[in-house]
Amino acid sequence: MISCVQNGVYVIHLDTYDNYWSQYAYQYAHEYCHYLIRGEMSGKLQGLLWLEESICELASLCGLAHLSRIWRQRGNAYWQAFEEYLTDLLTRGECPEGSLAGYIDAHLHLLGGSVYRRDLYHNIALALYPTFREEPSLWGLLPYMGNMIDYATLQEWLTG
């Protein structure tokens, strides 16, 4: 979780559960992504928060892949732990078949609901993963995403 503790000062809270450094890296990438987007961070499940959560899940996947690659190049044995954790995450869930837009449309009633749907966010991240791996410059869009809970539809957000 990321919290604003005072004006302009943020704290990222991490918990390893049972995966230690891999879980730290996963969580840190996710929460740092929220920080870069600069949404409200209120915890409210409304608007397009589902899109922000999906992008932050994607950041975790890409972060683990990057750490695995860098640590392997440097000869550090920890690269295997990151790679194994990433492989496990990539095989969980279901990468949407067909178009991502169709998947989102079919699940919009759940995505926009009042229940946190990590499974759906993960599936969206799986669909976006190859594109962001091939085009890392897309991460430059994060600061322009804005406060996702302020928008009811993707069209409204893109126009805004």
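For the structure given in this document, a descriptive report is provided here.

## Let's talk about the side chain of Ser-22
Here is step 1: Tracing the backbone through its elements, the reader meets Ser-22 in helix H1 (residues 20-37).
Here is step 2: In this structure Ser-22 comes out as buried when scored by relative accessible area, which is 5%.
Here is step 3: Of note is the side chain of Ser-22, whose polar atom sits 3.3 Å from the backbone oxygen of Ala-81.
Here is step 4: If near-sequence neighbours (up to four positions away) are discounted, Ser-22 is found in contact with Leu-64, Ala-81, Phe-82 and Tyr-85.

## Focus: the packing of helix H2 (residues 49-73) against helix H3 (residues 79-91)
Here is step 1: Running from N to C, H2 and H3 cross one another at 150 degrees; their axes reach a closest spacing of 8 Å. As far as their axial angle goes, H3 and H2 are roughly antiparallel. Remark: the crossing between H2 and H3 carries left-handed chirality. Of H3, the residues touching H2 (which contributes Leu-61, Leu-64, Ala-65, Leu-67, Ser-68, Trp-71 and Arg-72) are Trp-79, Phe-82, Glu-83, Tyr-85, Leu-86, Leu-89 and Leu-90.
Here is step 2: By residue class, the composition of the contact of H2 with H3 is 11 nonpolar, one polar and two charged.

What counts as what
- Residues numbered from 1 in each chain as written.
- Predicted model: local features only at pLDDT ≥ 70, side-chain atom pairs only at ≥ 80, totals over all residues.
- Heavy atoms only, no water.
- Helix = DSSP H or I, 4+ residues; strand = E, 2+ residues; numbered from the N terminus.
- Buried < 20%, exposed > 50% of the residue type's maximum accessible area, 1.4 Å probe, protein only.
- Polar contact = N/O pair within 3.5 Å; in protein donor to acceptor, adjacent residues only side chain to side chain.
- Contact = heavy atoms within 4.5 Å.
- Axes fitted to C-alpha atoms, helices over the stretch in contact; angles between N-to-C directions.
- Parallel < 35°, antiparallel > 145°, perpendicular 65-115°, else oblique.
- Left-handed = near helix turned anticlockwise from the far one by under 90°.
- Nonpolar A, V, L, I, M, F, W, Y, C, P; charged D, E, K, R; others polar.

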